[in-house]
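Each chain is listed here by its residues.
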Amino acid sequence: MNEIIKKDNIKFTDLKLDWKKALYLSAKPLLDDGSIKEGFIENIIENIEKNGPYINLGKGIAIAHTKDSSFVNEDSLSLLRLSCPVIVSNDEENPIYNLFTLATTGSDKHLKYLSSLTKNLSDENILKEFEDATSRSHIHKLLNNLDDEKIKFATVCAEGIVSSFMIKENIGNILSYWGVRDKVEIFIYNIDNYKNANDKDIDEWFVSKDAEDKVDLGDEYTVLDSVIDRVELEKKLKTVAEKYDLLDDKKKAKYVLVIDEGTTSSRAAVFDKSANRMAFKGSDFKQYFPKSGWHEQDPEEILDVTVEAMKEAIKKADINASNIASVGITNQRETTIMWNKKTGKPYYNAIVWACRRGADYCQSLIDQGLNDFINERTGLIIDATYSASKIRWIIDNVEGVKEDIEKDEVLFGTIDTWLLWNLTGGKVHATDSTNASRTMLYNIYDLKWDDEILEKLDIPKSILPEVKDTIDDYGFVDEKILGTKLPIHSLVGDQQSSLFGQACFIEGDCKNTYGTSNVPLVYIGEKTIKSDKGLLTLAWSFDNKPYYAVGASILTTGEVMKWLKEKIKLYDDNDKMTEEVKSLEDSNGVFFVPAFQGLGAPHWDMYARGMIIGLSSGVERKHIIKAGLDSIAYQTEDLLDQIEKETGIKVSNMKVDGGASNNDYLMQFQSNLLDMPIKRPLDTETTSLGVAYLAGLGAGVWENKEVIKDLWKSAKEFTPDRNKEKVKESYEDWKRAVEYSKGWMKK
């Protein structure tokens, strides 16, 4: 049942309904997501009025269904659980508390799913568990685990049972790769005992060439020329699987398409089941800096660049879009967009996470004594990084927004929500818990928007998206975009995606992404901590259960090197720059604090600004470049020190990713500074990889996290190779420099 029942299609109602209204309400999710067309329920009602309550199974269960597939676009199932029972066609003796709606695209599937539901719900144990289940997640899990009638394969070889076993194992491995192993039972025989299978009603035999003339199996068998040729077996097994309808569109799909929308570019990539990046396409979009400390982007340009990247990635992978099993979206967090849900047009540019225009507003909240109040609910401290101050600024400063809020026409979203809403044709306004947790409005313990915070900040709940689990049903990419409907199974913030991509699943596992900003995160699992520095955040949520991490954004790291290269023109070639820096013993007393938009974690000073200090007549261009590169490592040390103080967890090694992690000098300096091994994976774009894993898990491409752990491979490890005392001395000088930069913009 797992291929046709979505968690969102399970509904509860306390309304007292007549049977026709109950039918319409049960089928509404299928109509809303396009699985059925208008006329589907009318057809069932007509059949009931003509033939009686045929949908009623008794025991409080009914399955609304019809063999007429002309009203069906996609095989699907929904459930309406009723507090007040309904009576169908005067059948007073069989009140209905659970009303299923089953829609199928063909008579074979109709019989298959109807038989499976009827058979399983006739089992007293299954029925009791079903009736006792009170949550949507529990019911969904139970329905997913219902046993369909399994197809029976058997193997027989003249050479003996070992050869038959070899074929069985290869068939099982191929079926597992296709994601349908649980649909098939496989038996093994030799030419002496194959007749014992008569009582098992085998559907399909696989016979070695040397056994074909020695057995009598009728017409239903497949001959294998070689018992070890997997290519031959896969080709012939596919023909058999298609005959038994094992390979529906979902099961044929082998690939995952991911959107990785970053601060300066939007990228798309295609991954296969082995987590190989088959294709990649990325394009930059324009950045706007209208005032000092302000940072904006064009939401419509982001959308256009993203869609183009998706199309190009599929083209470069040389696959059909229909072979994609799942889509995932990861994104720059906190960046805020508000748009009109009728026109789809943004009211204003996207206000980027690094924008500091909300600093004074945030200070006013701090002055009101709200910092602890917000920290206790969100895990964050009040800061202009988060979405709340950006939402408030748009409401207060952009013409027409307040009026349209009154008309219930305004939607808010971080980048993931904006892309999702557009990719689904405006059908889904949602985000995941990791992105919601970075708004300063979301309760990370109760997993819901915090009504008290919303009231104090005067932000209307009506504009906020629905919050789902990190792996969930997020609707479909509209077929107009890529030529076919594609399921979206995951949304996740970029840093949490990186944490997942680095397989950080055990308490104390640490990753650091070296991008425009740096975001070290340490996974702590189900436990929480009190962090006065705002370091507690959600790692992800599964089945409405939160898992946590500690860490936060260091605002300016990789951006400082881009500034030195493109704005100040101190170098033009990355490789030559690195070699030049390697030749230096130190930075000649120079320290560069790149607080371009203030200082993020763990200092949280919205009024700090960038500073180069320690200049003397002996300082050369290359010393300033080295100071800029070193600042990335120093800021990481600042945050990891704070994490250790707050959690008591001593990180023993760190996995790294992001563009700057490919710089060997920086990674070695970081290892020396932290006095720990630094591990760089084969694929340093683990943000994309993380959301690929999450979306793939949602579609069954990968089975569980253990498989993902096995896929993680180290490419290079850096270990400390410098005098600890000398490194410590330079770090103390860095901390003095940071103090000088604080509060610069305060008047």
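Because the structure is a prediction, the values reported are computed rather than measured. (Residues numbered from 1 in each chain as written. Predicted model: local features only at pLDDT ≥ 70, side-chain atom pairs only at ≥ 80, totals over all residues. Heavy atoms only, no water.)

**Q** What exactly am I supposed to notice about the sheet that holds strand 26 (residues 536-542) here?
**A** Strand pairing within a sheet occurs via backbone hydrogen bonds; the two strands may be parallel or antiparallel. What the seven strands build is an open sheet, ordered 26-27-25-24-30-31-32; its pairing is mixed. The outermost strands of the open sheet, each flanked by one partner alone, are strand 26 and strand 32 (714-718). Adjacent strand axes in the sheet meet at a mean angle of 30° when their direction is disregarded. Of the pairings in the sheet, the one linking strand 24 (residues 510-514) to strand 25 (residues 518-525) comprises five bridges and is antiparallel in character. Note on strand 25: the bridge partner recorded for Asn512 is Pro520. Strands in contact with helix 22 (residues 664-674) are strand 24, strand 30 (654-657), strand 31 (678-681) and strand 32; relative to strand 31, the strand with the most contacts, it is inclined by about 150°. (Pairing = 2+ DSSP bridges. Helix = DSSP H or I, 4+ residues; strand = E, 2+ residues; numbered from the N terminus. Axes fitted to C-alpha atoms, helices over the stretch in contact; angles between N-to-C directions. Contact = heavy atoms within 4.5 Å.)

**Q** Looking at this model, I keep getting lost on the pattern of salt bridges. Mind explaining?
**A** Think of it this way: side chains of opposite charge can pair up when their charged atoms draw near. Enumeration over the complete set of coordinates arrives at 43 salt bridges. Note that Lys7 is salt-bridged to Asp469, the shortest N-O span being 3.6 Å. Of this pair, Lys7 sits in strand 1 (residues 5-13) while Asp469 sits in the loop between strand 21 (466-468) and strand 22 (476-477), placing them 462 residues apart in sequence. Each of the two residues, Lys7 as well as Asp469, counts as buried. One connected set of salt bridges, linked through shared partners, spans Arg333, Glu334, Arg438 and Asp494. (Salt bridge = Lys/Arg side-chain N within 4 Å of Asp/Glu carboxyl O. Buried < 20%, exposed > 50% of the residue type's maximum accessible area, 1.4 Å probe, protein only.)

**Q** Please clarify how the environment of Glu452 should be interpreted in this entry.
**A** Summarising the element assignment, Glu452 is placed in helix 16 (residues 451-457). Counting along the chain gives eleven residues from Glu452 to Leu441, while the straight-line C-alpha distance between them is 9.1 Å. Look past the residues within four positions of Glu452 in its chain and what remains in contact with it is Phe373 and Arg377.

**Q** What should I look at first to understand the packing of helix 18 (residues 494-501) against helix 23 (residues 686-699) in this one?
**A** In helix packing, the relevant descriptors are the interaxial angle and the interaxial distance, both defined with respect to the helix axes. For the pair helix 18 and helix 23, interaxial distance at closest approach is 7 Å and the crossing angle is 80°. One finds that helix 18 runs roughly perpendicular with respect to helix 23. Packed against helix 18, whose contacting residues are Asp494, Ser497, Ser498, Phe500 and Gly501, the element helix 23 presents Thr686, Thr687, Leu689, Gly690, Val691, Tyr693, Leu694 and Leu697 at the interface. Counted by class, the contact of helix 18 with helix 23 contains six nonpolar, six polar and one charged residues. (Parallel < 35°, antiparallel > 145°, perpendicular 65-115°, else oblique. Nonpolar A, V, L, I, M, F, W, Y, C, P; charged D, E, K, R; others polar.)

**Q** Where do I start with the sheet that holds strand 3 (residues 61-64) in this structure?
**A** If you walk across this open sheet you meet the five strands as 1-4-5-3-2, and the pairing is mixed. Single-partner strands in this sheet number two, and they are strand 1 and strand 2 (56-58). Each strand of the sheet is rotated relative to its neighbour by a mean of 20°, with strand direction disregarded. Bridge count between strand 3 and strand 5 (residues 96-103): four bridges; the pairing is parallel. Note on strand 5: the bridge partner recorded for Ile63 is Phe100. Lying over the sheet, helix 1 (residues 19-32) contacts strand 1, strand 3, strand 4 (76-86) and strand 5, oriented at roughly 145° with respect to strand 4.

**Q** I tried to follow the pairing of strand 27 (residues 545-551) on my own but got confused; where do I start?
**A** Consecutive residues of a regular strand have side chains that alternate between opposite faces of the sheet. Of all seven residues in strand 27, six are buried, a share of seventy percent or more. Both strand 25 and strand 27 contribute to a ladder of four bridges, which runs antiparallel. Across the sheet, the residue bridging to Tyr523 is Ala549, located in strand 27. Counted along the chain from strand 26 to the antiparallel partner strand 27, the turn is two residues long, and its residue Asp543 has a positive phi close to 50°.

**Q** Explain empty space enclosed by the protein here, please?
**A** Over the atoms, a rolling probe the size of a water molecule traces out where space has been left empty. Scanning the model with the defined rule gives three cavities of 30 Å³ or more in all. Size it by volume and the largest cavity reaches roughly 50 Å³. Looking at the largest cavity, the residues that line it are Ile554, Leu599, Gly600, Ala601, Pro602, His603, Gln635, Asp638, Trp734 and Val738. When the residues that make up the lining of the largest cavity are grouped by side-chain class, the tally is six nonpolar, three polar and one charged. (1 Å grid on protein atoms, 1.4 Å probe; cavity = no way out; pocket = protein on both sides within 12 Å on 5 of 7 lines; lining within 4 Å. Points joined across faces, edges and corners; volume = space filled by probe spheres on them.)

**Q** I would appreciate a short explanation of the layout of surface pockets in the present structure.
**A** Here the second largest pocket defines a volume of roughly 1200 Å³. If you trace the second largest pocket, you find 48 residues lining it, with Tyr514, Gly515, Thr516, Gly659 and Ala660 closest to the centre. Considering only residue class, the lining of the second largest pocket consists of eleven nonpolar, 21 polar and 16 charged.

**Q** Looking at this model, I keep getting lost on the nonpolar core. Mind explaining?
**A** The tendency in soluble globular proteins is for nonpolar side chains to be buried side by side. Grouped together as the largest cluster of nonpolar side chains are 99 residues, with contacts concentrated most on Met338, Met440, Leu441, Leu457, Ile463, Met561 and Met654. Setting aside its immediate chain neighbours within four residues, Leu457 contacts Tyr361, Leu365, Ile374, Ala388, Arg392, Met440 and Leu441. With 40 residues, the next largest nonpolar core counts Phe285, Leu419, Leu486 and Ile488 among its residues. (Core = buried A, V, L, I, M, F, W, Y, C linked by side-chain atoms within 4.5 Å.)

**Q** Looking at this structure, I do not really get unusual backbone geometry. What am I missing?
**A** Peptide bonds are mostly trans, and most non-glycine residues show a negative phi. The omega angle of the peptide bond from Ala601 to Pro602 is 0°, so this bond is cis rather than trans. Along the chain, Pro602 turns up in the loop between strand 28 (591-593) and strand 29 (611-613). With phi around 75°, Met440 is a residue other than glycine that occupies positive phi space. Here Met440 falls in the buried class, since its relative accessible area comes to 0%. With a phi close to 60°, Asn544 is a non-glycine residue in the positive phi region.

**Q** It is not clear to me how the confidence of the model for the chain should be interpreted in this structure. Could you clarify?
**A** Detailed reading of predicted coordinates is not advised where the pLDDT is low. Scored by pLDDT, the chain has a mean of 89; 98% of the residues are at 70 or more. Looking over the chain, one finds the lowest element-wise mean pLDDT in helix 8 (residues 249-252), namely 47, and the highest in strand 15 (residues 337-340), namely 98. (pLDDT = per-residue confidence, 0-100.)

**Q** Would you mind going over the environment of Ser490 with me for this structure?
**A** On the secondary structure map, Ser490 appears in strand 23 (residues 486-493). Within polar-contact distance, the side chain of Ser490 engages the backbone oxygen of Thr470 at 2.9 Å. (Polar contact = N/O pair within 3.5 Å; in protein donor to acceptor, adjacent residues only side chain to side chain.)

**Q** Please clarify how the packing of aromatic side chains should be interpreted in this entry.
**A** The description of an aromatic ring pair uses the distance of the two centres, along with the angle that the planes make with each other. In this structure the tally under the stated criterion is 27 aromatic pairs. Between Tyr189 and Trp205 the ring centres are 5.6 Å apart and the planes differ by 45°, which places this aromatic pair in the tilted class. Pair noted here: Tyr189 is in strand 7 (residues 184-190) and Trp205 is in strand 8 (residues 204-208), with a separation of 16 residues, a long-range link. In this pair, the class of Tyr189 matches that of Trp205, namely buried. (Phe/Tyr/Trp six-rings, centres within 6.5 Å; stacked < 30°, edge-to-face > 60°.)

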